[in-house]
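Listed here are the chains, written in short residue letters.
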Amino acid sequence: MVSQYFFDLYSNLQFNSKLQYNWKIPSWLIENKDVILKNLLPLNILTTYQMYHDIGKPYCKTYQLDDKTKYHFDNHANISADIYKSIDNNEIIYQLIKRDMDIHLIKANQLEDFIGKSKLDFNIAISLLITGLTEIHANAEMFGGIESNSYKIKYKQIDSRGKQIIKLIKEKQC
């Protein structure tokens, strides 16, 4: 689903095609379309990452003792990255999978480290950002839809970090 949502968004940005899914588009995405498209990793890398980013979830699913309907996937990004590495040695995809949750959890004071200093670092940061945006949309129904509080919390994090990441990368690329 994440790849399908990603291609929906990518086609809209690249070719101005009509969005097929239900989106809440942040202003920074439209305002910085060229920066985003210029800094995305190649599509074959992104789609492989998006297909395998949760491969470790079945190996780390735990339930709350008092409520068997609530579960967590502790450390799933690292487990997914390790499983991916056992079937392929593409270091960039491995790093993307390993850092998949960063965009959802990162604090403002960690952004300099998150975006790094090189062109490849910027490409990874933008790719994680855009994939994070597509993840919350692809999974929105699981959270109760885009009007749910759970979705709104996730969206607010992506929106806030997106503005900051774009601003920092634009400053560094000048």
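**Thoughts on the environment of Asp100**
For step 1, the next point in the chain: One can find Asp100 in the loop between α6 (91-98) and α7 (102-105).
For step 2, the next point in the chain: The spatial distance from the C-alpha of Asp100 to the C-alpha of Leu29 is 19 Å, given a sequence separation of 71 residues.
For step 3, the next point in the chain: With residues near it in sequence (within four places) discarded, Asp100 still touches Tyr49, His53, Asp54, Leu128 and Glu135.

**Here we look at the pattern of salt bridges**
Two side chains with opposite charge may pair up if their charged atoms get near one another.
For step 1, the next point in the chain: Here the structure, examined in full by the defined rule, presents six salt bridges.
For step 2, the next point in the chain: Note that Glu91 and Lys85 form a salt bridge whose closest N and O atoms lie 3.0 Å from each other.
For step 3, the next point in the chain: Its relative accessible area of 40% is what places Glu91 among the partly exposed residues.
For step 4, the next point in the chain: The partly exposed category is assigned to Lys85, whose relative accessible area is 38%.
For step 5, the next point in the chain: Between Lys167 and Glu171 there is a salt bridge, with the nearest N and O atoms lying 3.5 Å from each other. Taken together, the positions of Lys167 and Glu171, both in helix α11 (residues 149-173) and four residues apart, correspond to about one turn of that helix.
For step 6, the next point in the chain: Note on Lys167: relative accessible area 54%, which makes it exposed.

**Brief notes about unusual backbone geometry**
For step 1, the next point in the chain: Backbone geometry places Asn16, a non-glycine residue, at a positive phi of 60°.
For step 2, the next point in the chain: On the secondary structure map, Asn16 appears in the loop between α1 (2-15) and α2 (27-31).

**Considering the packing of helix α9 (residues 119-138) against α11**
For step 1, the next point in the chain: At a minimum axis distance of 10 Å, the contact between α9 and α11 shows a crossing angle of 160°. It follows that α9 is roughly antiparallel to α11 by the angle criterion. Crossing geometry of α9 relative to α11 is assigned as left-handed. Touching Phe122, Ala125, Ile126, Leu129, Gly132, Leu133, Ile136 and His137 of α9 are Tyr151, Lys154, Tyr155, Ile158, Gly162, Ile165, Ile166, Ile169, Lys172 and Gln173, all from α11.
For step 2, the next point in the chain: Here the contact of α9 with α11 is built from residues that sort into twelve nonpolar, four polar and two charged.

The rules behind the values
- Residues numbered from 1 in each chain as written.
- Predicted model: local features only at pLDDT ≥ 70, side-chain atom pairs only at ≥ 80, totals over all residues.
- Heavy atoms only, no water.
- Helix = DSSP H or I, 4+ residues; strand = E, 2+ residues; numbered from the N terminus.
- Contact = heavy atoms within 4.5 Å.
- Salt bridge = Lys/Arg side-chain N within 4 Å of Asp/Glu carboxyl O.
- Buried < 20%, exposed > 50% of the residue type's maximum accessible area, 1.4 Å probe, protein only.
- Axes fitted to C-alpha atoms, helices over the stretch in contact; angles between N-to-C directions.
- Parallel < 35°, antiparallel > 145°, perpendicular 65-115°, else oblique.
- Left-handed = near helix turned anticlockwise from the far one by under 90°.
- Nonpolar A, V, L, I, M, F, W, Y, C, P; charged D, E, K, R; others polar.

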